[in-house]
Amino acid sequence: AQKITQTQPGMFVQEKEAVTLDCTYDTSDPSYGLFWYKQPSSGEMIFLIYQGSYDQQNATEGRYSLNFQKARKSANLVISASQLGDSAMYFCAMRAFNAGNNRKLIWGLGTSLAVNP
Amino acid sequence: DTAVSQTPKYLVTQMGNDKSIKCEQNLGHDTMYWYKQDSKKFLKIMFSYNNKELIINETVPNRFSPKSPDKAHLNLHINSLELGDSAVYFCASSQVYGNTGELFFGEGSRLTVL
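Keep in mind the model is a prediction, meaning the values are calculated, not measured.

Caption draft 1: Structural detail: the nonpolar core. By size, the foremost hydrophobic cluster in this structure holds 25 residues, and its most contacted members are A:Trp36, A:Leu77 and A:Tyr90. Here the element with the most residues in this core is strand β10 (residues 88–96) of chain A; it accounts for four residues. Ranked by size, the runner-up nonpolar core spans 21 residues in total, among them A:Phe91, A:Trp107, B:Leu43 and B:Phe105.

Take a look at the structure:
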């Protein structure tokens, strides 16, 4: 069965420090993609970063990087130099490309991040 | 130009009423979705259409009926609203083939059933 686990319901970080949000996944499909989304208090869902299972390097997008450890089945999001605007809910999601329904994303329960000034 | 737009943004209604939410995407994507996000922020997929064909139909009460007149539009009609239907409903679209398949979300429609 495919599953995404985010074990941290809530996290705190000081402004300007780095923070890691954990995500572990489970799939038997060798071809999959991992996504991180941000949902601020205003409610919109914002795509942050993507990692493909065959990508050789960890994905980076500005202050966001994905620490992809395939053997451990983890895809942690690292936010460097935290800003107050990073306070939000963060969701990890996975798509298995060879699954019967490869358009369906499997979602984690989310991690609420609060950045303290 | 908004990529995925859904209307209305807010709905407040009485139990037993019927309501509709409309969604349009101008990204040229082949797949559209309806998600429900409850008060605990859990995202649950409800339906998905690929080129007007229903491809995902999760365990959703048949009071919920999606309709896709074309691949750029996906509407959601809800009959006989119940208190438990109160949630934020997100429309999303994606292009899976030849792409990573990331979802692009609308701003959400907050439904409150009194």
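Caption draft 2: Region of interest: the state of the cysteines. What the rule picks out here adds up to two disulfides over all chains. At a sulfur-sulfur separation of 2.0 Å, the disulfide partner of A:Cys23 is A:Cys92. For the disulfide bridge between A:Cys23 and A:Cys92, the dihedral angle about the S-S bond is near -65 degrees, and by the sign convention the bridge is left-handed. With A:Cys23 in the loop between β3 (19–21) and β4 (24–26) and A:Cys92 in strand β10, this pair connects stretches of sequence that are 69 residues apart. Exposure class is identical for A:Cys23 and A:Cys92. Each is buried. The disulfide partner of B:Cys23 is B:Cys91, and the gap between their sulfur atoms is 1.8 Å.

Caption draft 3: Spatial organisation of the interface of chain B and chain A. Between chain B and chain A, the residue contacts involve 23 residues of the former and 18 residues of the latter. Interface area for chain B against chain A, summed over the two sides, is near 1800 Å², with a carbon-plus-sulfur share of 59%. Looking at the side of chain B facing chain A, the largest losses of area belong to B:Leu43, B:Thr100 and B:Glu102, adding up to 24% of the total buried there. At the boundary of chain B and chain A, one finds one salt bridge. Here A:Lys104 ties to B:Glu58 by a salt bridge, and the two come within 3.1 Å at their closest N and O atoms. Where chain B meets chain A, there are five residue pairs in polar contact (both at pLDDT 80 or more). Going through the elements one at a time, β4 (31–37), β5 (43–50), β6 (53–57) and β9 (87–94) of chain B are the ones with two or more residues in the side of chain B that touches chain A. With four residues, the single largest contributor to the side of chain B that touches chain A is β4(B).

Caption draft 4: Region of interest: the packing of aromatic side chains. According to the stated counting rule, one finds 14 aromatic pairs over all chains in the structure shown. Taking the centre distance of 6.4 Å and the plane angle of 65 degrees together, the rings of A:Phe35 and A:Phe47 count as edge-to-face. You can see A:Phe35 sitting in strand β5 (residues 32–39) and its partner A:Phe47 sitting in strand β6 (residues 46–52), a full 12 residues away along the chain. Using a relative accessible area of 0% as the deciding quantity, one classes A:Phe35 as buried. When the centroid spacing of 5.6 Å and the interplanar angle of 85 degrees are considered together, the rings of A:Tyr37 and B:Phe105 count as edge-to-face. In this pair, A:Tyr37 is assigned in strand β5 and B:Phe105 in strand β10 (residues 104–105), connecting two distinct chains. Overall, B:Phe105 belongs to the buried group, its relative accessible area being 12%. Among the aromatic residues, ring-to-ring pairing joins A:Phe35, A:Tyr37, A:Phe47, A:Tyr50, A:Phe91, A:Trp107, B:Tyr33, B:Tyr35, B:Phe90 and B:Phe105 into one connected group. Lying over the aromatic face of A:Tyr64, A:Arg63 brings its terminal NZ or CZ to 5.8 Å of the ring centre.

Calculation criteria
Residues numbered from 1 in each chain as written. Chains lettered and ligands numbered in written order. Predicted model: local features only at pLDDT ≥ 70, side-chain atom pairs only at ≥ 80, totals over all residues. Heavy atoms only, no water. Core = buried A, V, L, I, M, F, W, Y, C linked by side-chain atoms within 4.5 Å. Buried < 20%, exposed > 50% of the residue type's maximum accessible area, 1.4 Å probe, protein only. Helix = DSSP H or I, 4+ residues; strand = E, 2+ residues; numbered from the N terminus. Disulfide = S-S within 2.5 Å. Contact = heavy atoms within 4.5 Å. Buried area = accessible area lost by both parts, 1.4 Å probe. Salt bridge = Lys/Arg side-chain N within 4 Å of Asp/Glu carboxyl O. Polar contact = N/O pair within 3.5 Å; in protein donor to acceptor, adjacent residues only side chain to side chain. Phe/Tyr/Trp six-rings, centres within 6.5 Å; stacked < 30°, edge-to-face > 60°. Lys NZ or Arg CZ within 6 Å of the ring centre and 35° of its normal.

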